[in-house]
Amino acid sequence: MLSIRQDQEENQNVAQAPILGRTTGSISQGGGTGQKRNVSQRGSGFTNLQQYVTANENNANPEIVRQRTQQAGTGLQQAQTGFENVAQQARTGLQGIQGVNTFVGNVLRDPTAAAANQANLQRFQALRTGQERIANPTDVYQPFAQAQAGFGSQREQLASGLRTDTTGSGLQDYIRSQRANPSLATQGENVLDRFLTESTTAGKTALQQAQTRAGEIQATALPSISGQVETLKSQVSPLSYITKEGIQSGINPLINTESSYITGLNKNYVAQQLGLNVNEAQGIQNEINVSNQRLKDYNAELKSHNNAINDLTGGINKEQSVIDNPRSTSGQIESAKINLNRYKNQLQERQSLKSQASDAINLQQTGLNTFINSNQNAIDKLNAYNTNIGKTRQQLLQTYDPNRLARVQALQSLSGQDLSSLLSQGVS
C-alpha cells in the first residue's frame, strides 16, 4: 500500500495525483445508492497536497463517518432496550416472589382473618402444597445476570468497533466498504479517501466526534433498573416463605403452639377462667352441705315430734271418751284418768321439744340463708365449674375463648392438620 508521501514522490508532481470523482469505484452514501463523492473534478493545476485538500474540502467521507457514529449510538440504544426488557422481566419475577413472602407473612400473622377469606385460604393451601409454583430467585435472576454481561460485551464491541472504523487503516477499510463497488476501488483511491477524511476540517471534526462518542459508549453505565433488580435480589434471597417447605416451616410452630394450648385445657383452666379458688369454694360448699344435713335432721326430729303429738292427742281423746262414757266402770275411769294425765304430760313435753326443734330449724335456715347470700358468687362459680369440667375442650374454648377456637380452626384449614381429636377430649 502506498502512502500519500510515497505516491507524491513517485509521481513527483501533485498534478498527477488521482482525481477524485473520476474513479471506477464510487462511494455509496447511506445505503449503497452508488452516489459519487462530491470532489473536485479538476485533474491538474495542483502544486501541493494542501491545494488538493482545499479543492476537495466538501466530500462525502465526513458524512460516512458521522453515519458510522450514529450507527454505534443506535446499537447502544438497542443494547440498552434489550437489557431493560430482560431486567424488567427479572424485576417482575423477583417482585412476585417478594409478594408471595409478604402474602404468607400476613397469613401467619393473622390466620383467622386469612382463613375467613376463601380466596386467601385457597391460595395459601396451593402455595403450601406446591400447587401454585413459586419461582426460584436464582432462575429469575440468571437471565438478568447474563444480560448484564452481554450488555457490557456489546458496549465494548460497539466502542471498539467505532474506534477501529474511524482510525488509521480501519478508517480506510471502512470508507472503502461503503463504496457501491468496493472491489473496483484502486489502492490510491482508498489511500486518498483516508487522507482527505483525516485532513479536511469536516473530516477531522467527524473523526473527533466519533472518538468522543466511542468513549461515551464505553463509559455508558447500565440502565438504572439494574440497581433495582440487584436490590430486589438481595432482599429476596434471605426471605423465609418462598418455598413450600419454608411455608410449612412457618405454620408448623403455630400449630404446635395451639396443640400444646389445647392439651393444657384442664380443671385448673376452668377455675382460672372463672376466677375461682376451688379449695375455698369447696369448703363453702361443704359448710352448706353440713347445714343442709342439720336441717334435714331437725326436720326429721320435728316430724317425729309431730307424729308423737298426734299419737298422744289421739290417746288423750280416747281416754277422755272413757271417762266421759256413763257406761264406764269406776275401774275403767280410774285407769283412763291415770293414762290421761300421763298422755298430757308427755304431750306437754313433746310440744316443748317440737318448739325447740322448730326454733333450731328456723335458726339453722336463717344462718344458712345468710351464709349462702354472703358467698353466692363463689357458689355460682363453683356450680359453673362443676358443670364445665364435664365439657369437651372445644366446648370450653367456645365458652371462654371463642377467638382462640377460631384461630385453632383457621390453622387447621391452612395447615391441613387435624386437631379435632384433641378438641373432642374432656378436661382432666
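Cut-offs applied
Residues numbered from 1 in each chain as written. Predicted model: local features only at pLDDT ≥ 70, side-chain atom pairs only at ≥ 80, totals over all residues. Heavy atoms only, no water. Helix = DSSP H or I, 4+ residues; strand = E, 2+ residues; numbered from the N terminus. Buried < 20%, exposed > 50% of the residue type's maximum accessible area, 1.4 Å probe, protein only. Areas by Shrake-Rupley, 256 points an atom, 1.4 Å probe, with all protein chains shown as cover. Contact = heavy atoms within 4.5 Å. Phe/Tyr/Trp six-rings, centres within 6.5 Å; stacked < 30°, edge-to-face > 60°. Axes fitted to C-alpha atoms, helices over the stretch in contact; angles between N-to-C directions. Parallel < 35°, antiparallel > 145°, perpendicular 65-115°, else oblique. Left-handed = near helix turned anticlockwise from the far one by under 90°. Expected span 1.5 Å × (residues − 1). Polar contact = N/O pair within 3.5 Å; in protein donor to acceptor, adjacent residues only side chain to side chain. Salt bridge = Lys/Arg side-chain N within 4 Å of Asp/Glu carboxyl O. Nonpolar A, V, L, I, M, F, W, Y, C, P; charged D, E, K, R; others polar. Core = buried A, V, L, I, M, F, W, Y, C linked by side-chain atoms within 4.5 Å.

Novice: Mind showing me how you'd approach the overall build of the protein here?
Specialist: Within the protein, the regular secondary structure consists of 18 helices and zero strands. Split into buried and exposed, the 428 residues of the protein put 38% on the buried side. As displayed, the protein has an accessible area near 23,000 Å², and 45% of this comes from carbon and sulfur atoms.

Novice: What exactly am I supposed to notice about the environment of Ala-210 here?
Specialist: With respect to the element layout, Ala-210 can be found in helix H9 (residues 201-219). Apart from the residues within four sequence positions on either side, Ala-210 is in contact with Val-65, Thr-69, Leu-162 and Thr-166.

Novice: Where do I start with the packing of aromatic side chains in this structure?
Specialist: The description of two aromatic rings rests on the distance between their centres and on the angle between their planes. Under the defined criterion, the tally for this structure stands at five aromatic pairs. Seen from their ring centres, Phe-83 and Phe-151 are 5.8 Å apart, and the 45 degrees between their planes marks the pair as tilted. Taken together, the positions of Phe-83 in helix H3 (residues 61-109) and Phe-151 in helix H6 (residues 137-165) put the pair 68 residues apart, joining distant regions of the chain. Given the relative accessible area of 1%, Phe-151 is considered buried.

Novice: What should I look at first to understand the packing of H3 against H9 in this one?
Specialist: The angle between the axes and the distance between the axes are what describe a pair of packed helices. Where H3 meets H9, the closest approach of the two axes is 8 Å, and the angle between their N-to-C directions is 15 degrees. Taken together, the axes of H3 and H9 lie roughly parallel to each other. As for how H3 packs across H9, the hand of that crossing is left-handed. Residues Pro-62, Val-65, Arg-66, Thr-69, Ala-72, Gly-73 and Leu-76 of H3 lie in contact with H9, whose contacting residues are Ala-202, Gly-203, Ala-206, Leu-207, Gln-209, Ala-210, Arg-213 and Ile-217.

Novice: Whenever I open this one, the side chain of Thr-200 confuses me. Can you help?
Specialist: Positionally, Thr-200 belongs in the loop between helix H8 (187-199) and H9. The exposure class of Thr-200 is buried, given its relative accessible area of 0%. Not counting chain neighbours up to four residues away, the residues in contact with Thr-200 comprise Val-53, Asn-56, Glu-57, Asn-59 and Pro-62.

Novice: Any chance you could explain helix H5 (residues 118-129) here in plain terms?
Specialist: For an α-helix the count is 3.6 residues per turn, leaving residues at separations of three or four pointing the same way. End to end, H5 covers 16 Å across 12 residues, agreeing with the expected 16 Å (1.5 Å per residue, within 8%). Along H5, the residues that are buried comprise Leu-121, Phe-124, Ala-126, Leu-127 and Arg-128. Considering only its buried residues, H5 is in contact with H3, helix H4 (111-116), helix H11 (244-263) and helix H17 (402-415). Near the N-terminus of H5, the side chain that reaches the backbone nitrogen of Ala-119, with its oxygen 3.0 Å away, is that of Asn-117. Once H5 finishes, Gly-130 follows within two positions and takes phi at roughly 90 degrees, a positive value.

Novice: I tried to follow the pattern of salt bridges on my own but got confused; where do I start?
Specialist: If the charged atoms of two oppositely charged side chains come close together, the side chains can form a pair. Across all of its chains, the model carries eight salt bridges by this definition. For the salt bridge of Arg-194 with Glu-198, the shortest nitrogen-to-oxygen distance reads 3.3 Å. With Arg-194 and Glu-198 both in helix H8 and four residues apart, this pair spans about one turn of that helix. The exposure class assigned to Glu-198 is partly exposed, which follows from its relative accessible area of 33%. Between Glu-258 and Arg-404 there is a salt bridge, with the nearest N and O atoms lying 2.7 Å from each other. Placement of Glu-258 in helix H11 and of Arg-404 in helix H17 is noted, with a sequence separation of 146 residues between them. For Glu-258, a relative accessible area of 2% gives the class buried. Members of the salt-bridge network, linked through shared partners, are Glu-258, Arg-404 and Arg-407.

Novice: Looking at this structure, how should I read the packing of helix H13 (residues 278-324) against helix H14 (residues 330-374)?
Specialist: Closest axis-to-axis distance for the H13/H14 pair is 7 Å, and the angle between their directions is 160 degrees. Classified by the angle between their axes, H13 and H14 sit roughly antiparallel to one another. Crossing of H13 against H14: the hand is left-handed. Of the residues in the contact of H13 with H14, the class split is 23 nonpolar, 17 polar and eight charged.

Novice: Looking at this structure, how should I read the nonpolar core?
Specialist: One broad trend across soluble globular proteins is that nonpolar side chains are buried collectively. Counting residues in hydrophobic clusters, the biggest one holds 47 residues, and the most contacted among them are Val-104, Phe-124 and Val-229. The element contributing the most residues to this core is H3, with 14 residues. Residues contacting Phe-124, with those up to four places away along its chain left out, are Phe-103, Val-104, Val-107, Leu-108, Ile-247, Ile-251 and Leu-414. Within the second largest apolar cluster, 19 residues are counted, among which are Leu-265, Val-270, Ala-281 and Leu-422.

Novice: How do you make sense of the environment of Leu-274 when you look at a structure like this?
Specialist: Examined against the element boundaries, Leu-274 turns out to sit in helix H12 (residues 267-274). Classification of Leu-274 by relative accessible area gives buried; the value is 17%. Sequence separation between Leu-274 and Ala-384 is 110 residues; the distance between their C-alpha atoms is 8.1 Å. For Leu-274, the contacting residues outside a window of four places in its chain are Lys-381, Ala-384, Tyr-385 and Tyr-400.

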